[in-house]
Amino acid sequence: MLGASIAYHLARRGARVTVLEKERPAAGTTSRSFAWINATFSKEPRAYFDLNMQGIAHWHRLEEELAGELKVDWSGSVEWHPPGEAAEALRKAAQRHQEWGHASAATEGAAAQQELTQRLPHVTPGEVQIAAYSSQEGAVDAVQAVAVLLDHAQRFGAQVEFPSQVTSLQLDHGRVCGVVTPNGEVACDALVVACGIDTPAVAAMAGVAVPLKDAPGVLIHSTPLPPLTGPVTLAPKAHFRQYADGRVVAGVDFGGSEVPDATFDYGRELMARAAEYLPALPGAALATVSRGQRVMPLDEYPIVGFAAARPNLYVAAMHSGITLAALMGHSAATEILEGVRLDYLAPYRLERFQTAGQPATLC
Ligand SMILES: Cc1cc2nc3c(=O)[nH]c(=O)nc-3n(C[C@H](O)[C@H](O)[C@H](O)COP(=O)(O)OP(=O)(O)OC[C@H]3O[C@@H](n4cnc5c(N)ncnc54)[C@H](O)[C@@H]3O)c2cc1C
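Here the structure is a predicted model, which means the values were calculated and not measured. (Residues numbered from 1 in each chain as written. Predicted model: local features only at pLDDT ≥ 70, side-chain atom pairs only at ≥ 80, totals over all residues. Heavy atoms only, no water.)

Peer 1: Break down the overall build of the protein chain for me, citing the residues and quoting the values.
Peer 2: Tallying secondary structure elements over the protein chain gives eight helices and 21 strands in all. Here the C-alpha atoms of the protein chain give a radius of gyration of 21 Å, agreeing with the 21 Å that 2.2 N^0.38 yields for 363 residues. Nonlocal contacts in the protein chain, meaning residues at least 24 apart in sequence, comprise 72% of its contacts between residues at least 6 apart. Only carbon and sulfur atoms are counted for the fraction: they give 52% of the accessible area of the protein chain, which is about 15700 Å². (Helix = DSSP H or I, 4+ residues; strand = E, 2+ residues; numbered from the N terminus. Rg over C-alpha atoms; globule rule 2.2 N^0.38 Å. Contact = heavy atoms within 4.5 Å. Areas by Shrake-Rupley, 256 points an atom, 1.4 Å probe, with all protein chains shown as cover.)

What follows is the structure in structure tokens.
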């Protein structure tokens, strides 16, 4: 997603772009993503919340630019909890986010029940203490979005090559001057490394260390079903949403927990967990179970920008890469083509990891 967005934005602004993808477009984490475009309650501190809000705004801009081909579902998101610690935490977080300008509204008790019945008529929420509806949020079919972005990049002259794995980099006077693939060599003025969880391996070919950590996540997809839910739904023990074509996607964790393999047995367990809230979700509708690897920097915040040690090597590796993709495409193209350093990206430079024992370069 990040590579496609950066390629589109660069090509649109007149750069000669070659996209090298080792498998096929969206083959990596992007095809295993929940793909919710959000700035909700885990997005803190304030600067990171603002970044995600900008991320949302740039999806709107991209939708307009791509004239109806890119379809984002702007139905918002709903989260709720029964009485307890999680309800307390949501109350505080919703208030803090409101103070930051997030369009979320929390309701309590009977009003919360009523809100859920109205917004989610097919959902049985169980006991509800608090519900928060966030109207600015959206969701996208990430695989379709990558296809649209690459198609438009090509209309602006970009070459898209796959399968074409980068196997080594050519260096000259401290700069990357070319990449090597089994199909041949490609010379470059600048190299963008947006290889998801393989970013460390590719950046290491130029001696640059990109610290990511392991963060898997399992999702299930159903066969197409009649309309069951509008907004992205964050129930206490499962989250789910429905694509325009009727497929329901569901998961149970947003990172940090132990994650089993993507077996069909485990998929059936997830399906049953989601069906507690969505009784019309038939077990037989389970179509796929996927285990994705979040592109998770060591401190969980994005890594974006030129590497100090290789001034023409640009790294883009981040979780919430769907939310941030449109913004990062615009931002990377601006930094690469205009030679400016965007203020709002200052907290997310690779060099923040350059502390004792953790060099940002390998050589
Ligand atoms: C379960 C789960 C749920 C998620 N939910 C959300 C969500 O709701 N909202 C959100 O914003 N984010 C979410 N994310 C995170 C988001 O999906 C990722 O941040 C995003 O997809 C990362 O995109 P990417 O382009 O960086 O990586 P990828 O999609 O992995 O793309 C990298 C590409 O590089 C290619 N590649 C690798 N090595 C090479 C090489 N040597 N040569 C050529 N090509 C190479 C790969 O084949 C791959 O296609 C979720 C992630 C997971 C796993």
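Peer 1: For helix α5 (residues 142-155), give the residues involved together with the corresponding values.
Peer 2: Along its 14 residues, α5 runs 20 Å from first to last C-alpha, staying within 8% of the 20 Å computed at 1.5 Å per residue. Burial in α5 covers these residues: Ala142, Ala145, Val146, Val148, Leu149, Leu150, His152 and Ala153. Where α5 is buried, its residues meet α1 (2-12), β1 (18-20), α2 (46-65), β7 (138-140) and β8 (159-161). The N-capping residue of α5, defined by a side-chain oxygen 3.2 Å from the backbone nitrogen of valine 143, is aspartate 141. Glycine 157 sits one or two positions beyond α5 and adopts a positive phi of about 100°. (Expected span 1.5 Å × (residues − 1). Buried < 20%, exposed > 50% of the residue type's maximum accessible area, 1.4 Å probe, protein only. Polar contact = N/O pair within 3.5 Å; in protein donor to acceptor, adjacent residues only side chain to side chain.)

Peer 1: Can you lay out the nonpolar core for me, pointing to particular residues and giving the numbers?
Peer 2: If you look at the biggest cluster of nonpolar residues, it comprises 53 residues, and the most contacted ones within it are Met1 and Trp59. Contributions of two or more residues to this core are made by α1, α2, α5, β20 (303-307), β21 (310-317) and α8 (325-338). For tryptophan 59, the contacting residues outside a window of four places in its chain are Met1, Ile37, Leu70, Val72, Trp74, Val140, Ala145, Ile322, Thr323, Ala325 and Ala326. Of all hydrophobic cores here, the second largest spans 29 residues; its members include Leu116, Val218, Leu225 and Ala250. (Core = buried A, V, L, I, M, F, W, Y, C linked by side-chain atoms within 4.5 Å.)

Peer 1: Please give an account of the packing of α1 against α8 that cites residues and values.
Peer 2: Angle between the axes and distance between the axes: these two values describe a pair of packed helices. Two numbers describe how α1 lies on α8: the axes approach to 8 Å, and their chain directions differ by 50°. When the axes of α1 and α8 are compared, the pair comes out oblique. The crossing of α1 and α8 is right-handed. Between α1, through Leu2, Ser5, Ile6, His9 and Leu10, and α8, the contact on the second element is made entirely by Ala325, Ala326, Met328, Gly329, His330, Ala332, Ala333, Ile336 and Leu337. In terms of residue class, the contact of α1 with α8 is built from 10 nonpolar, four polar and no charged. (Axes fitted to C-alpha atoms, helices over the stretch in contact; angles between N-to-C directions. Parallel < 35°, antiparallel > 145°, perpendicular 65-115°, else oblique. Left-handed = near helix turned anticlockwise from the far one by under 90°. Nonpolar A, V, L, I, M, F, W, Y, C, P; charged D, E, K, R; others polar.)

Peer 1: Now, about the packing of α1 against α2: what can you tell me, with residues and values included?
Peer 2: Contact geometry of α1 with α2 gives a least axis separation of 14 Å together with a crossing angle of 60°. Overall, the two elements α1 and α2 adopt an arrangement that is oblique. For the crossing formed where α1 meets α2, the hand is left-handed. Together, Tyr8, His9 and Arg12 of α1 and Arg61, Leu62 and Glu65 of α2 make up the contact between the two elements. Residues of the contact of α1 with α2, tallied by class, amount to two nonpolar, one polar and three charged.

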